[in-house]
Amino acid sequence: MGAEGGLIKKNIMKKRIILALAALFITTTAALGQTAQQVLDKCAKTVSASAGVTASFTMNSAKYGDAQGTIALKGEKFHMKSDASTMWFDGKTLWTYMANNEEVNISRPTKQQLQTLNPYTFINLYKKGYSQTMTSSATEHIVHLTATDPQHRIREAFITVDKASYAPKTIKMLVEQKWTTFTVSGLKQEKLADSRFKFDADAYPDAEIIDLR
């Protein structure tokens, strides 16, 4: 009877293990039901609203230091403002205002330079020259990008995407062996005028203009 009881207990334990493994398999399969590419496609669509989007951010960077501010996006255009600087990019020209010395630099950045300026570069970046893997939890997806193209300045990136809204929550990028992390909040779609992405000299009458084009 004792041996028989022990056998029954073993069978029950085996069934529990099988059920636990089945549950784990189902959960994992559900999480992997979408590929990293599909998650980033949906995230990019959320961020790339044709009218424009705005958000708040904090930046922690071993290369650039820490900052917080706001960002506005419309297609390739962006306007990013923090305590130290403000940037306007209209898709071609970049204006960078440095608050500490009231100086505005005007330049025509390359695609490689833009990769390290705009935290939302991943919107188009992930589509070429990167391998992709993804892990998922109950509330978010974390996509890991690894550069396969040696010309990419961003060698690695981790993009955390909210499962419900497909809005990016954090964007962590490795540039020149140093990590920069953007934490994003309050992302919302807004109708933004194109003028928001151009420097208004009248608003900065005392700024020194340095044209580097």
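Structural data are supplied above this passage.
If you're wondering where the values come from, they're calculated on a predicted model, not measured in any experiment.

Calculation notes
Along each chain, numbering runs from 1 in the same order as the chain's sequence is written. Per-residue local features are limited, in this predicted model, to residues with pLDDT of at least 70; the limit for side-chain atom pairs, both in listing and counting, is 80 or more; totals at the level of whole chains, interfaces and linings are taken over all residues. Hydrogen atoms and water are omitted, and side-chain values are computed over all heavy atoms in the structure. At least two bridges found by DSSP between two strands are what make those strands a pair. In DSSP terms, a helix is any run of H or I states spanning at least four residues, a strand is any run of E spanning at least two, and both are numbered starting from the N terminus. Note on method: axes are straight lines fitted to C-alpha atoms, helices fitted across the in-contact stretch only, with angles between N-to-C directions ranging 0 to 180 degrees. To define a nonpolar core, start from buried Ala, Val, Leu, Ile, Met, Phe, Trp, Tyr and Cys residues and group those joined through side-chain atoms within 4.5 Å. Classification of residues uses two cut-offs on accessible area relative to the type maximum, computed with a 1.4 Å probe and protein chains only: under 20% is buried, over 50% is exposed, and between them is partly exposed. In protein, a polar contact requires one atom able to donate a hydrogen and another able to accept it; more generally it is a pair of N or O atoms within 3.5 Å, and residues adjacent in sequence count only if both atoms are side-chain atoms. In what follows, a contact means two residues having at least one pair of non-hydrogen atoms within 4.5 Å. Within this document, salt bridges are pairs made up of a side-chain nitrogen of Lys or Arg and a carboxyl oxygen of Asp or Glu, the two lying within 4 Å of each other.

Colleague: So what about the sheet that holds strand β5 (residues 94-98)? Which residues, and what values?
Modeller: Taking strand neighbours across the sheet as the criterion, the twelve strands line up as β7-β8-β9-β10-β11-β1-β2-β3-β4-β5-β6-β12 in an open arrangement whose pairing is mixed. Every other strand in the sheet has two partners, leaving β7 (130-136) and β12 (208-211) as the edge strands with one partner each. Looking at each pair of strands side by side, their axes are set apart by 20° on average, direction ignored.

Colleague: For the nonpolar core, give the residues involved together with the corresponding values.
Modeller: In terms of nonpolar packing, the biggest core is built from 36 residues, with Phe78, Val143, Leu145 and Ile154 touching the most fellow members. The next biggest cluster of nonpolar side chains, apart from the first, holds seven residues, and it includes Trp88, Trp95, Phe199 and Ala207.

Colleague: Account for the side chain of Thr54, naming residues and giving values.
Modeller: Topologically, Thr54 is positioned in strand β1 (residues 53-61). Reaching out from Thr54, the side chain makes a polar contact with the side chain of Glu190 at a distance of 2.8 Å. For Thr54, the contacting residues outside a window of four places in its chain are Ile71, Ala72, Gly186, Leu187, Lys188, Glu190, Leu192 and Arg196.

Colleague: Lay out the pattern of salt bridges with the relevant residues and their values.
Modeller: Where charged atoms from two side chains of opposite charge approach closely, those side chains can pair. Per the counting criterion, the structure on display carries six salt bridges. In this structure, Lys74 and Asp194 form a salt bridge, with 2.9 Å as the shortest nitrogen-oxygen distance. Of this pair, Lys74 sits in strand β2 (residues 65-74) while Asp194 sits in the loop between β11 (178-189) and β12, placing them 120 residues apart in sequence. A residue is classified by how much of its surface remains accessible, and Lys74, at 19% relative accessible area, is buried. The class of Asp194 is partly exposed, set by a relative accessible area of 39%.

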